[in-house]
Each structure stands twice: as structure tokens, then as C-alpha cells.
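In case you want the letters, here they are:
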Amino acid sequence: MRILVEAYYNCLRCKNKRVRILTRDGRQYTGTIMDVDYNNVYLRPDARGVVKTSAFYPGFYGNDILTLSLFTLLAIALI
């Protein structure tokens, strides 16, 4: 539980900033954190057309928003 709380606050601190996210399965995502809740971080990826929208996020019609579970995050860095 503590890891999820730390991930939540790290993502919240980086909201509206460009980041690189590394997940537990070794994938890397670069983009801007649009929002975060207690379960997910919503990332607008830099690479348009490469990543498909994985969830509906209200207010961002026409933009690809990638939803990542906080549980899958391994590291997050400002870039």
C-alpha cells in the first residue's frame, strides 16, 4: 500500500510536466502527465500514433491518453 501512495504523490508532483515512466515489465513511456487518481496515471504520450488510447479520459477529445496503473510503475523521472 505504501508503494502505491508514494507513486500517487510522485505522479501528482509531476502533473502537467514532461516525464519518462518505466514500468515493471520494462516498458518506457515519455509524455506529459495530464492527471492522476488513486489507481491510475493519465499520460499524453509524445509519440503520436504509436500508442493507442487505453481508456476514455473526459475533456481530451481527439487526443490519445494512455492510462497506466500506479501498481505497474517502477520509476518516474522529469525530463
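Higher on the page you've got the structure.
Residues numbered from 1 in each chain as written. Predicted model: local features only at pLDDT ≥ 70, side-chain atom pairs only at ≥ 80, totals over all residues. Heavy atoms only, no water.

(A) Summary view of the overall build of the chain. Secondary structure assignment for the chain yields 1 helix and 5 strands. Reading the secondary structure of the chain in the N-to-C direction produces α-β-β-β-β-β. Per-residue burial over the chain gives 32% buried out of 79 residues. Put simply, of all contacts in the chain between residues at least 6 apart along the chain, 48% involve residues at least 24 apart. Total accessible area on the chain stands at roughly 5100 Å², and carbon and sulfur atoms take up 54% of it. (Helix = DSSP H or I, 4+ residues; strand = E, 2+ residues; numbered from the N terminus. Buried < 20%, exposed > 50% of the residue type's maximum accessible area, 1.4 Å probe, protein only. Contact = heavy atoms within 4.5 Å. Areas by Shrake-Rupley, 256 points an atom, 1.4 Å probe, with all protein chains shown as cover.)

(B) Broad picture of unusual backbone geometry. Located in the positive-phi region is N16, a residue other than glycine, with phi close to 65 degrees. With respect to the element layout, N16 can be found in the loop between α1 (2-13) and β1 (18-23). Classification of N16 by relative accessible area gives exposed; the value is 55%.

(C) Focus on the sheet that holds strand β5 (residues 73-78). Read across the open sheet, the 5 strands follow the order β4-β3-β2-β1-β5; overall the sheet is antiparallel. The open sheet terminates on both sides in strands that have one partner only, identified here as β4 (66-69) and β5. If you compare each strand with its neighbour and ignore which way they point, the axes differ by 45 degrees on average. By the bridge criterion, 4 bridges tie strand β3 (residues 40-45) to β4 in an arrangement that is antiparallel. By the bridge assignment for β4, L43 is matched with L66. (Pairing = 2+ DSSP bridges. Axes fitted to C-alpha atoms, helices over the stretch in contact; angles between N-to-C directions.)

(D) Examining the pattern of salt bridges more closely. For the structure shown, the criterion picks out 4 salt bridges. With a closest N to O distance of 3.5 Å, D25 and R27 form a salt bridge. Given the relative accessible area of 54%, D25 is considered exposed. (Salt bridge = Lys/Arg side-chain N within 4 Å of Asp/Glu carboxyl O.)

(E) A look at the pairing of β3. Looking at chain direction, strand β2 (residues 28-36) and β3 are connected through 5 bridges and run antiparallel. Residue pairing across strands places I33 opposite L43, the latter belonging to β3. Linking two consecutive strands that pair antiparallel, namely β2 and β3, is a turn of 3 residues.

(F) Geometry of the environment of L68. Summarising the element assignment, L68 is placed in strand β4. Accessibility expressed as a relative area gives 7% for L68, which makes it buried. Considered as a pair, L68 and V36 are 32 residues apart in the sequence and their alpha carbons are 9.5 Å apart. The residues contacting L68, other than those within four sequence positions of it, are I21, Y29, N39, N40, V41 and L73.

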